[in-house]
Amino acid sequence: MTLRNGKEFLMIPGPTNVPEEVLRAMHRPAIDIYEGPLVETTVYCLARLKQLFKTEGKTYIYAANGHGAWDAALCNTLKRRDRILVLESGRFALGWGEAAEVMGLEMEVLPGAYDRAVDPARLEARLKEDTGHEIAAILVVQIDTASGVWNDIAALRKAIDAAGHPALLMVDTIASLGCVPFEMDAWGVDVALTGSQKGLMCPPGLSFVAAGPKADKAHETANLKTHYTDWTFRQGAIHYQKYCGTPPEHLLFGFRRALELLQEEGLERVWHRHALLGEATRRAVTVWAEGGALDFNISDPHARSNSVTVVRFKGDEAEALRAFTKETCGVTIGGTIGEISGKGIRIAHMGHVNAVMLLGTLSAIELGLQKLGIPHGRGGVQAAMDYLAGVV
Ligand SMILES: *Cc1c(COP(=O)(O)O)cnc(C)c1O
């Protein structure tokens, strides 16, 4: 018996649900790329991106996924054989570092673990050892969707300052911008980047980079530039240069609508919604964990992210549970990747998500735990509701 016919829920950590308004904004004919509404849309998007990243720096739009933004950030600011320090806390910072190696940069990993946030004290200690200032850039992810960790970027900045180190600080906010607070200028972030398909509620295919003054300065001597990613070319006066070619028009119309939706809701309210849905999820998982079969991947409660919750199973029930929620209930939840591949689930609460979608998802998971006989504390969904009843 299946109960799946009805609206399908996609609750994976990217791509995320695209609002109807965003889909409708894209449903229009192609238009002239040299004048008119498209030019105005570019101006709007570049300016709103500054407000999202909270920066006075420059913003760039790429017709690319997050990996494209990784490349753009690196090749615009670094020189062949520069050393980069990758702060490990899951999978994605390492992936970014591997992209850097392909480009001809020297990667050093500050060892971390899959179940915890980057330790600012360890970063400070490593930077203090680097008396010759060989490390040119530090790469970190604010929220890692593989581990579910939230890294405290402000604390990492303090560690860099305490070591008196001049390296550029580069932050991947692909799974966090538009979900949790991010303050590029206030936190002294030199390069920040994100993608369209997670907190920003758009189809995949656009990514965004913001660069502060120190990154601009580094750009002057960078020698890994490519024509397509080059910031200098993209700052040119002609609209065509902003995209180094034909703009991804339809994605831009959708993105513009998504930016308007974020503005209509208000960024602080958007962050608050994510905080409430994240905590409701954690309340449910805490109760389920009482059965002993599963637990949070991230052990420190303070380091659990508000956009995705990663749950690890002691046995091998995760894939059966995912199949049940999808095939029987109509909700797709994420599987785990990297080091914990196949050993858990990732419940996304990122982007266009409300209480119904989250509670429905949690209910399907609890139903699956019961149906499959996976030991769990009963009443996880009740705990999520009890929490929400107290805060809304
Ligand atoms: C999804 C994700 C990426 C990769 O983005 P793509 O668009 O798939 O290239 C990078 N970093 C983080 C933190 C992510 O969550």
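Residues numbered from 1 in each chain as written. Predicted model: local features only at pLDDT ≥ 70, side-chain atom pairs only at ≥ 80, totals over all residues. Heavy atoms only, no water.

## Quick notes on the side chain of Gln142
Stated formally: Numbering of helices and strands runs from the N terminus; a helix is a DSSP stretch of H or I covering at least four residues, while a strand is a stretch of E covering at least two. Think of it in three bands: with a 1.4 Å probe and only protein chains considered, a residue is buried below 20% of the maximum accessible area for its type, exposed above 50%, and partly exposed in between. In the analysis that follows, any N or O atom pair within 3.5 Å is treated as a polar contact, provided that within protein one partner can donate a hydrogen and the other can accept it, and provided that, for residues neighboring in sequence, both atoms belong to side chains. Note on contacts: a residue pair qualifies if any of its non-hydrogen atoms lie within 4.5 Å across the two residues.
With respect to the helices and strands, Gln142 occurs in the loop between strand S5 (135–141) and strand S6 (143–144). By relative accessible area, which is 0% here, Gln142 ends up buried. Engagement of the side chain of Gln142 in a polar contact is seen with the side chain of Ser176, the distance being 2.7 Å. Among the polar contacts made by the side chain of Gln142, one reaches the main-chain carbonyl oxygen of Pro181 at a distance of 3.0 Å. Every residue in contact with Gln142, bar those within four places of it in the chain, is listed here: Val149, Trp150, Asn151, Ile153, Val171, Asp172, Thr173, Ser176, Val180, Pro181, Phe182 and Trp187.

## A look at the sheet that holds strand S13 (residues 331–335)
Put simply, the rule is: In this description, strands pair whenever DSSP reports at least two bridges between them. Only C-alpha atoms enter the line fits that serve as axes; for helices the fit covers just the stretch in contact. Angles between N-to-C directions range over 0 to 180 degrees.
Here five strands make up an open sheet; going across it, the order is S1-S13-S14-S12-S11 and the pairing mixed. At either margin of the open sheet sits one strand with a lone partner, and together these are strand S1 (9–11) and strand S11 (294–296). Across the sheet, the mean angle separating the axes of adjacent strands is 30° when strand polarity is ignored. In the sheet, S1 pairs with S13 via three bridges, with the strands oriented parallel. For Met11, the partnering residue across the bridge sits in S13 and is Ile333. Packing of helix H11 (residues 318–329) onto the sheet brings it into contact with strand S12 (308–313), S13 and strand S14 (344–348), and relative to S13 it is tilted by some 160°. The strands that helix H12 (residues 355–371) touches are S1, S11, S12, S13 and S14; relative to S1, the one it contacts most, it runs at about 85°.

## Remarks on the site of the ligand
Cut-off, in case you're wondering: Throughout, the term near means that a residue has one or more heavy atoms lying within 4 Å of the molecule or strand in question. Values of accessible area rely on a 1.4 Å probe in the Shrake-Rupley scheme; residue burial ignores everything except the protein chains shown. Any residue outside Ala, Val, Leu, Ile, Met, Phe, Trp, Tyr, Cys, Pro, Asp, Glu, Lys and Arg is labelled polar, Gly included; the first ten of those are nonpolar and the last four are charged.
In the vicinity of the ligand there are 13 residues, among which His67, Thr145, Asp172, Gln197 and Lys198 approach most closely. Contact distances for the ligand include 3.5 Å between an oxygen atom and a side-chain N or O atom of Asn65. His67 is positioned with one of its side-chain polar atoms (N or O) 2.5 Å from an oxygen atom of the ligand. Contact with the protein chains hides 89% of the accessible area of the ligand, taken as 390 Å² for the molecule alone. Sort the elements by how many residues they give to the shell around the ligand and helix H3 (residues 66–75) lands first, with three residues. Here the residues of the shell around the ligand sort into six nonpolar, five polar and two charged.

## So, the domain arrangement of the protein chain
Rules: Domain limits in this description derive from either an automatic procedure or a database domain assignment. Take the accessible area each of two parts loses on contact, using a 1.4 Å probe, and add the two losses: that sum is the buried area.
When the domains of the protein chain are assigned, the result is domain 1 (2–16 + 267–391) and domain 2 (31–263). Put simply, the middle of domain 1 and the middle of domain 2, counted by C-alpha atoms, are 29 Å apart. At the interface, 28 residues of domain 1 touch 28 residues of domain 2. Buried area between domain 1 and domain 2, summed over both chains or domains, comes out near 2300 Å², and the portion from carbon and sulfur atoms is 63%. Three residues stand out in domain 1 for area buried against domain 2, namely Leu267, Trp271 and Ile298, and they jointly supply 24% of the buried area on that side.

## Looking at the pattern of salt bridges
Using the following cut-off: We define a salt bridge as a side-chain nitrogen of Lys or Arg found within 4 Å of a carboxyl oxygen belonging to Asp or Glu.
Within the structure shown, the criterion is met by 20 salt bridges. Among the ionic pairs, Arg4 bridges to Glu327, the shortest N-O distance being 3.0 Å. With a gap of 323 residues between them, Arg4 in the segment before S1 and Glu327 in helix H11 connect regions that are remote in the sequence. Of the residues examined, Glu327 reaches a relative accessible area of 42% and is grouped as partly exposed. Taking the shortest distance from any N to any O, the salt bridge between Glu108 and Arg83 comes out at 2.8 Å. Placement of Glu108 in strand S4 (residues 106–110) and of Arg83 in strand S3 (residues 83–87) is noted, with a sequence separation of 25 residues between them.

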